[in-house]
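Structural overview for review
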Amino acid sequence: MLVLLTTVSRVGGLIRETAISHYFGASGITDVFYMAFTIPNVLRRLVAEGTLTAVVQPAYQTVRTRDGDAAARRFYASMLGFLLVVVSGLTALGVLGAPALVAAFASGFIDEPAKFALCVELTRWLFPVVIAMSLVGLSMAVLNAHDVYAVPALAPIVLNISMIAFTILGALTFPAEHRIMGAVVGVLVGGVLQVAVQVPALARRGLMVRPRLALDADVKSALLKFVPGLFGLAVYQLNIIVLRQLASYLEEGSVSYYNYADRLMELAIGIFAIAIAQGAFSTMNEQAAGGRIDDLKGTWRFSMILTSLIALPAALGLGAIAVPITSVLYLHGAFTWEDVQQTSMAALAFAPGLVAMSGTRATAQVFYALGDQRTPVVVSGFVLVSNLLIGVALLNQGVAGLAFTLSLSSFVQTGLLVFLLRRKIGDLQTEKFVRPWFWQVLLSALAVFAAWGIQFLGDWQRGFTANNALVLTAAVGVAVALYGGGALALKLEGVEQLAGGVTRRLRRVFSRR
């Protein structure tokens, strides 16, 4: 169910971007909107994502197991109170300090006063959504502790639906100079709806509590644990700031090209990467806790092989048929053929990074399982510097240069993490990657070559047409069949487990009919 909801969320996010691109294309307006949306999103990720779940969920579970449900509710009420105070204060500062924040994220806009002023205005409108999304993050932590995963996963789906609806409504009914406000209203309404969908699940578990500011030992311990987690996430968010800063100096539309291409990349690998990572991390934690280091190494190797089984063909495929994919999804309305070419170049530059990003996730989890949060943070700090240096060096290549910066930096990050992991726990037996990776690369190349040949049957300057959609579907379908069939025939490591998981899910779906 979680994978299904994640899939729906990613597809919904793509439809959301398609709606925005249809009415606004890749323009100065969309550059401003995406930059303004990024600024509160960075704060939201720092406060509401990752850290909240990592800190609050185990603390809540400990209190509940040790002292019972009533004590757990009091702990949750205290965390809710402190969270509301902190995020409300940060939101007020964000609204008041919007000019400074826009200058920090997009100093390239300063030379264009109208663009800078609009970005400041949209940032102020969007900042309150941090409060709603932080509440969703806290709800997710406690609901996960009750083994409720589907309801929190609905939150991004609700946001996407709201943004799609209000983007269309704003484009059709608002005055021309204010049409982008439809998307802004969609974000704000979506934030409220995200909180609302959590309420029934919270109420059923007696968690509709009044916020309190009681600093007992458990609450104090949880709050103190936020600091190292926030620092680690802050380093990652600084990477986003660096790339957005550089993009603000490029030609109009570049921030939008980057965003549209990034959405394609996330759709290509994100769903499977999340599912594999979640499954592997629990096993890694158990093995590390039991001191079973050899088993931990084996799980890491299998996780790397399994993710590359998806990431390699996804990366090669995204690079080979970036133009057809971009054309069918985006080439309509205000989105032009020039926009397709720019977005496709960015997607092509992003593609190699899919493999490295999957490796980064799998390797960083080993450190976390071993209780070592410091090493991934230090590596991220080094990558931040490399991001800046590479980004500046490739800035003359436009948005594709920035996308390739992320790909190169991701390989640097994965390489450093693997090197340091070997120093920490000994020989990783990486020679066992040679055979599966050889066949994965060979099969991927053959499958993608077939897709690349089929794509010449389309007329991509016409965008979405029945023929183009059919050609793209055939290209992807043939590639998947060749790669999947070859992997099964060769019995590549991981393919039976992956196919078995899909088969079990399909059986569950059809058994309910």
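Since the structure is predicted, the reported quantities are computational estimates derived from the model, not experimental observations. (Residues numbered from 1 in each chain as written. Predicted model: local features only at pLDDT ≥ 70, side-chain atom pairs only at ≥ 80, totals over all residues. Heavy atoms only, no water.)

**Structural notes on the overall build of the protein chain**
Scanning the protein chain from terminus to terminus reveals 19 helices and zero strands. Split into buried and exposed, the 513 residues of the protein chain put 52% on the buried side. Within the protein chain, contacts between residues separated by at least 24 positions form 83% of all contacts whose residues are at least 6 apart in sequence. Per element, the accessible surface of the protein chain, about 22700 Å² overall, is 67% carbon and sulfur. (Helix = DSSP H or I, 4+ residues; strand = E, 2+ residues; numbered from the N terminus. Buried < 20%, exposed > 50% of the residue type's maximum accessible area, 1.4 Å probe, protein only. Contact = heavy atoms within 4.5 Å. Areas by Shrake-Rupley, 256 points an atom, 1.4 Å probe, with all protein chains shown as cover.)

**A few points about the nonpolar core**
With 87 residues, the main nonpolar core has Phe 33, Leu 122 and Leu 318 as its most contacted residues. When residues in this core are grouped by element, the largest group, nine residues, is from helix H2 (residues 28-47). The residues contacting Phe 33, other than those within four sequence positions of it, are Ile 20, Leu 122, Leu 126, Met 163, Ile 180, Ala 183, Val 184 and Val 187. Counting 27 residues, the second-largest nonpolar core is a separate cluster that includes Ala 72, Leu 138, Val 151 and Ala 222. (Core = buried A, V, L, I, M, F, W, Y, C linked by side-chain atoms within 4.5 Å.)

**Quick look at unusual backbone geometry**
Located in the positive-phi region is Asp 147, a residue other than glycine, with phi close to 60°. Relative to the assigned elements, Asp 147 resides in the loop between helix H7 (129-145) and helix H8 (150-173). The backbone phi angle of Gln 429 is positive, close to 55°, even though this residue is not glycine. Mapped onto the elements of the fold, Gln 429 is located in the loop between helix H16 (398-425) and helix H17 (434-454). According to the relative accessible area criterion, Gln 429 is partly exposed, its value standing at 28%.

**What about the side chain of Thr 343?**
By secondary structure assignment, the location of Thr 343 is in helix H14 (residues 337-369). A polar atom in the side chain of Thr 343 sits 2.9 Å from the backbone oxygen of Asp 339. Apart from the residues lying within four places of it in its own chain, the contact partners of Thr 343 are Tyr 257, Tyr 260, Ala 261, Thr 326 and Phe 335. (Polar contact = N/O pair within 3.5 Å; in protein donor to acceptor, adjacent residues only side chain to side chain.)

**Regarding the packing of aromatic side chains**
Taken as a whole and assessed by the stated rule, the structure comprises twelve aromatic pairs. Here Phe 33 and Phe 37 contribute two aromatic rings whose centre-to-centre distance is 5.8 Å and whose plane-to-plane angle is 25°, an arrangement assigned as stacked. Of the two residues, Phe 33 and Phe 37 both sit in helix H2, four residues apart, roughly one turn of that helix. Overall, Phe 33 belongs to the buried group, its relative accessible area being 1%. Arranged with centres 5.5 Å apart and planes meeting at 70°, the rings of Trp 300 and Phe 433 form a pair that is edge-to-face. Placement of the pair is Trp 300 in helix H12 (residues 293-320) and Phe 433 in the loop between H16 and H17, with a sequence separation of 133 residues. Judged by relative accessible area, Trp 300 falls into the buried class, the value being 1%. (Phe/Tyr/Trp six-rings, centres within 6.5 Å; stacked < 30°, edge-to-face > 60°.)

**Considerations on the packing of helix H5 (residues 98-105) against helix H6 (residues 113-126)**
At their nearest, the axes of H5 and H6 sit 9 Å apart, and the two run at 115° to each other. Crossing of H5 against H6: the hand is right-handed. Counted together, Ala 98, Pro 99, Val 102 and Ala 103 of H5 and Phe 116, Cys 119, Val 120, Thr 123 and Arg 124 of H6 form the full contact between these two elements. Each residue belonging to the contact of H5 with H6 can be placed in one class, and the counts come to seven nonpolar, one polar and one charged. (Axes fitted to C-alpha atoms, helices over the stretch in contact; angles between N-to-C directions. Left-handed = near helix turned anticlockwise from the far one by under 90°. Nonpolar A, V, L, I, M, F, W, Y, C, P; charged D, E, K, R; others polar.)

**A word on the pattern of salt bridges**
Tallying each qualifying case throughout the model produces nine salt bridges. For Asp 218, the salt bridge identified is with Arg 66, shortest N-O distance 2.6 Å. A residue pair is termed long-range when its members are at least 10 positions apart, and Asp 218 in helix H10 (residues 217-247) and Arg 66 in helix H3 (residues 51-67) qualify at 152 residues. For Asp 218, a relative accessible area of 26% gives the class partly exposed. Taken together, the shared-partner salt bridges in this structure form one network comprising Asp 31, Glu 112 and Lys 115. (Salt bridge = Lys/Arg side-chain N within 4 Å of Asp/Glu carboxyl O.)

**So, the packing of H12 against H14**
Their axes nearest at 9 Å, the elements H12 and H14 cross at an angle of 170°. Taken together, H12 and H14 sit at an angle that is classed as roughly antiparallel. Counting all contacts with H12, which are made through Leu 296, Trp 300, Ser 303, Met 304, Thr 307, Ala 311, Leu 312, Ala 314, Ala 315, Leu 318 and Gly 319, the residues of H14 involved are Ala 347, Leu 348, Ala 351, Leu 354, Val 355, Ser 358, Gly 359, Ala 362, Thr 363 and Val 366. When grouped by side-chain class, the residues that make up the contact of H12 with H14 number 15 nonpolar, six polar and no charged. (Parallel < 35°, antiparallel > 145°, perpendicular 65-115°, else oblique.)

**Things to note about H7**
Helix length check: H7, at 17 residues, gives a terminal C-alpha distance of 25 Å against a target of 24 Å (1.5 Å per residue), a fit within 8%. When you tally the buried positions in H7, you get 14 out of 17 residues, the bulk of the element. Positioned one or two residues after H7, Asp 147 has a phi angle of 60°, which is positive. (Expected span 1.5 Å × (residues − 1).)

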